[in-house]
Amino acid sequence: MSGVWARVGYRVTIVTMEHSPRSTLTYGSMLLGREGVVVALLRNTKVALVKLDESYELPQGTRRWPVAWDDLVLGERAGVPDVSVQTYVAGFSKAGRALEQHAVLPGTDVAVCSSPVKPLPFCGWSLSFSPTVPQACPKCVMLVEGSQLEGRGGSAMPVPSGS
Ligand SMILES: [Zn+2]
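Residues numbered from 1 in each chain as written. Predicted model: local features only at pLDDT ≥ 70, side-chain atom pairs only at ≥ 80, totals over all residues. Heavy atoms only, no water.

Participant: Quick question: what am I supposed to make of the overall build of the protein chain here?
Facilitator: When helices and strands are counted, the protein chain shows 4 helices and 7 strands. Expressed as a percentage of the 163 residues in the protein chain, the buried residues total 41%. For the protein chain, contacts bridging at least 24 residues in sequence account for 57% of all contacts bridging at least 6. (Helix = DSSP H or I, 4+ residues; strand = E, 2+ residues; numbered from the N terminus. Buried < 20%, exposed > 50% of the residue type's maximum accessible area, 1.4 Å probe, protein only. Contact = heavy atoms within 4.5 Å.)

Laid out in structure tokens, this is it:
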């Protein structure tokens, strides 16, 4: 399953409209043939959240659509990721007794690693995702920083060592 996470940031084309969530199928005829970039995984990685290149003539100009992998053809990795670390807000899930911090795209309640998350009650979704804190989810860090490194030619952020 872990290979699926690597698909975030790849270009996709919507080629069929048979397996996707109902909310997407409703607009299937308008979405067929559109191209976009995978920005997140939903539903235990079974569904890709696809950000379309343009809003076209879609309802409310919605650009992010959940599309099943079976309805997509995977293309190349997008040259310049259009999401940066600063784009993500922090969402939290329980990991044993500790809270784990995940990267979440604003407007969704699923982390980029596809864990369901909630905001901190007293901060709402205003808290930015911090890849350097100890409780940061390793998968989210990998996904978020992976796309950063691709875009910046490998200028790695120093990883804190020790405790
Ligand atoms: Zn995560």
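Back to the text.
Participant: Help me understand the coordination of the zinc ion in this model?
Facilitator: Ligation of the zinc ion by protein atoms is provided by His-102 (ND1), Cys-113 (SG), Cys-137 (SG) and Cys-140 (SG), these donors lying 2.0 to 2.4 Å from the ion. For the zinc ion, the 4 donor atoms in the first shell make angles of 103 to 120° at the metal, so the coordination geometry reads as tetrahedral. By relative accessible area, Cys-113 is classed as buried at 4%. (Donors = N, O, S within 2.8 Å, 3.2 Å for Na, K, Ca; no water. Tetrahedral: all angles 85-135°; square planar, octahedral: opposite > 155°, others 65-115°.)

Participant: It is not clear to me how unusual backbone geometry should be interpreted in this structure. Could you clarify?
Facilitator: Among all residues save glycine, negative phi is the norm, and among peptide bonds the norm is trans. Phi is positive for Ser-114, which is not a glycine, with a value near 80°. Residue position: Ser-114 is located in the loop between β7 (98-104) and α4 (138-152).

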